[in-house]
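The lines below spell out each chain.
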Amino acid sequence: RLKQEGFAVDAVFCKDIPGKEVRFYQAQADIVVDMLTFGWFGANVREGMMLGKPCICFLRPEWLESARKEIPAYIDELPVVSATPDNIYQVLRDLVEHPEKRRTIGQRSREFAVKWHSSAAGAKRLEEIYMKLLHPA
């Protein structure tokens, strides 16, 4: 629909292809879209954020609230744009029409991914869990 309206966009669907090839497309993308019905994101969106891309997926409100109880700062900083099949056109059109918004979300995405999903961040959290197992309260 965006293409029919004259926007210079190409939709690339990655299905049943090796991860290395997916990363090739992620690196070239301006926007990463994944899982518009499940309610959360996985590796594709985390990798897109690490690349500094604005990422879109459906964020189920009840899961956001559940996660907020566990890690409020994570949810407060989460730059993923929520969309569903019913509103993806409007969400994409907004990002296509506003390149500065894409850049801002992309920068926030990279900062978020490094803070919460980098190997250093994962190692720190694993160490905290391990120490609690060794020294229960």
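Now for a quick tour of the structure. Each chain carries its own residue numbering, running from 1 in the direction its sequence is written. Given that the model is predicted, a residue must reach a pLDDT of at least 70 before its local features are reported, and side-chain atom pairs must reach 80 or more before they are shown or counted; all residues, however, enter totals for whole chains, interfaces and linings. Hydrogens and waters are ignored; side-chain quantities use all the structure's heavy atoms.

Take the nonpolar core next. Among the buried residues, those of types Ala, Val, Leu, Ile, Met, Phe, Trp, Tyr and Cys that are joined through side-chain atoms within 4.5 Å form a nonpolar core. Throughout, exposure labels follow a simple rule: accessible area from a 1.4 Å probe, protein chains only, divided by the maximum for the residue type, with under 20% read as buried, over 50% as exposed, and the rest as partly exposed. W40, F41, M49, L59, Y74, L78 and V80 are the most contacted members of the largest nonpolar core, which has 17 residues in total. Secondary structure elements with two or more residues in this core: α2 (43-50), β2 (55-57), α4 (72-77) and α6 (99-117). Every helix listed is a DSSP run of H or I at least four residues long, and every strand listed is a run of E at least two residues long, numbered separately from the N terminus. With three residues, α6 is the largest single contributor of residues to this core. Contacts are residue-level and defined by heavy atoms, with any inter-residue pair within 4.5 Å sufficient. Not counting chain neighbours up to four residues away, the residues in contact with W40 comprise M35, C57, F58, L59, W63, L64, A67, Y74, I75 and L78. Counting 13 residues, the second-largest nonpolar core is a separate cluster that includes L2, L36, Y89 and I105.

Residues of α2 that are buried: V45, G48 and M49. Each buried residue of α2 lies within a common arc of 100 degrees when the element is viewed along its axis, so the set occupies one face. Where α2 is buried, its residues contact α1 (19-28), β1 (32-33), β2 and α6. The first or second residue beyond α2 is G52, which carries a positive phi of 80 degrees. This arc describes the spread of directions from the helix axis toward the C-beta atoms.

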